[in-house]
Amino acid sequence: MSEPGGRIAAYRCPSCGAGVMSAVDVTALASGASGGGRIRLRCGDPECPSSAMENPPAMEAEGFYGSDGQPKLRLSVPCIFCGRPHVFTVDKSAAASRDCLVFPCPASGIDICFVGQTDHVKAGLAKSELELLDMIGDDGDLANVAGFSVDSSKMLPDPEIEETIRLTVRFLEDEGKIVCKCRPEDLEKIPEGESRITVEPGPRYVKVACRECGAAKIIPAVSHSAAQDFADSDSLVLE
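Residues numbered from 1 in each chain as written. Predicted model: local features only at pLDDT ≥ 70, side-chain atom pairs only at ≥ 80, totals over all residues. Heavy atoms only, no water.

## Here's the deal with the overall build of the chain
Where we set the bar: Secondary structure follows DSSP: runs of H or I at least 4 residues long count as helices, runs of E at least 2 residues long count as strands, and numbering of each begins at the N terminus. Throughout, exposure labels follow a simple rule: accessible area from a 1.4 Å probe, protein chains only, divided by the maximum for the residue type, with under 20% read as buried, over 50% as exposed, and the rest as partly exposed. In this analysis, two residues are considered to be in contact whenever any of their non-hydrogen atoms come within 4.5 Å of each other. Surface accessibility in these figures is a Shrake-Rupley result with a 1.4 Å probe; residues are shielded only by whichever protein chains are displayed.
Along the backbone of the chain there are six helices and 13 strands. Residue burial in the chain is summarised as follows: out of 239 residues, 44% are buried. In the chain, the proportion of contacts linking residues at least 24 apart, taken out of those at least 6 apart, comes to 49%. When the accessible area of the chain is evaluated, it comes to approximately 12400 Å², of which 48% is carbon and sulfur surface.

## Concerning the confidence of the model for the chain
Just so we agree on the cut-off: Per residue, pLDDT measures the predictor's confidence, with a range of 0 to 100.
Residues with a pLDDT of 70 or more make up 82% of the chain, whose mean pLDDT is 79. Under a pLDDT of 50 for its full length, residues 1-5 has, in the predicted model, 14 contacts with residues more than four places off or in other chains. Note that residues 143-152 has pLDDT below 50 and, in this model, 17 contacts with residues that lie over four places away or in other chains.

## As for empty space enclosed by the protein
To keep it simple, the criterion reads: Grid points spaced at 1 Å and placed over the protein atoms alone form the basis of the search, with a cavity being a set where a 1.4 Å probe fits but cannot get out and a pocket an open set showing protein on both sides within 12 Å along at least five of seven lines. Lining residues have an atom within 4 Å of a point. Grid points are joined across faces, edges and corners, and a volume is the space filled by probe spheres set on the points. Polarity classes work like this: nonpolar for Ala, Val, Leu, Ile, Met, Phe, Trp, Tyr, Cys and Pro, charged for Asp, Glu, Lys and Arg, and polar for all others, with Gly in that last group.
Applying the stated criterion to the full structure yields two cavities of 30 Å³ or more. In this structure, the largest cavity occupies an estimated 50 Å³ of space. In terms of lining residues, the largest cavity is bounded by Arg-12, Ile-80, Phe-81, Ile-110, Asp-111, Ile-112, Ser-128 and Leu-132. Of all elements in the fold, only strand S8 (111-116) and helix H3 (118-136) reach the threshold of two or more residues within the lining of the largest cavity. Considered class by class, the residues forming the lining of the largest cavity number five nonpolar, one polar and two charged. Of the voids in this model, the second largest cavity is the one considered here, and its volume is about 40 Å³. Counting residues per element, the ones that place at least two in the lining of the second largest cavity are strand S4 (58-65) and strand S5 (71-78).

## Concerning the side chain of Thr-168
Inspection of the secondary structure assignment puts Thr-168 in helix H4 (residues 159-174). Setting aside residues no more than four positions away along its own chain, Thr-168 makes contact with Phe-230 and Ala-231.

Rendered as structure tokens:
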């Protein structure tokens with residue numbers, strides 16, 4: 001990927017969770033501040049829920065001159081946690097020279113925006129994804145994380161994706177291919193025809209759990225391709 005001005009900008013799409021990266025000419029953007037220099041970075045995944053929106057969320061970078069007369073960049077970044085954008089301001093010189101500038105969500109503390117060299121930006125995105133997965137944890141609910149509020153109803157999986165996962169879970173259960181922590185004698189106590197497996201949608205995932213032992217598994221539900229990968233599974237282990 002080429003880097004005009006030596007920079008890459010990236011953020012995490014609030015609709016599907018994917019990392020969005022684009023080359024950015026920081027010098028030209030800041031130099032064009034008097035002329036209204038501005039760019040918009042949108043998620044390009046055709047399976048992203050935002051692709052059908054009239055005005056999809058996007059990161060905006062705008063050049064302007066500060067009160068000190070120096071060129072600066074104003075970044076408006078959609079937040080995967082808060083459901084609204086956060087605005088960050090940085091000197092053009094820092095944006096054009098640092099290995100990687102990192103901007104965290106003020107509420108969660110998780111990094112949501114990166115500007116810098118490609119390798120450093122990719123590393124930042126990867127780290128933020130691991131932090132996000134740690135926050136989701138076993139219960140799979142971002143709304144339970146202390147310090148900020150998330151409207152999980154706005155982050156539910158696409159109904160078709162959810163249905164694909166539900167059908168796959170039911171098939172695996174009927175075939176006896178879902179393994180949990182229940183003992184054989186516990187399974188014998190379950191009335192015939194009654195399902196012990198629950199399927200609950202969450203923000204960009206579906207949680208599959210055993211109502212008897214509590215073992216569970218988080219299934220990513222960010223795209224049709226991810227759901228199809230799960231549909232091709234021949235077994236499911238709940239932990």
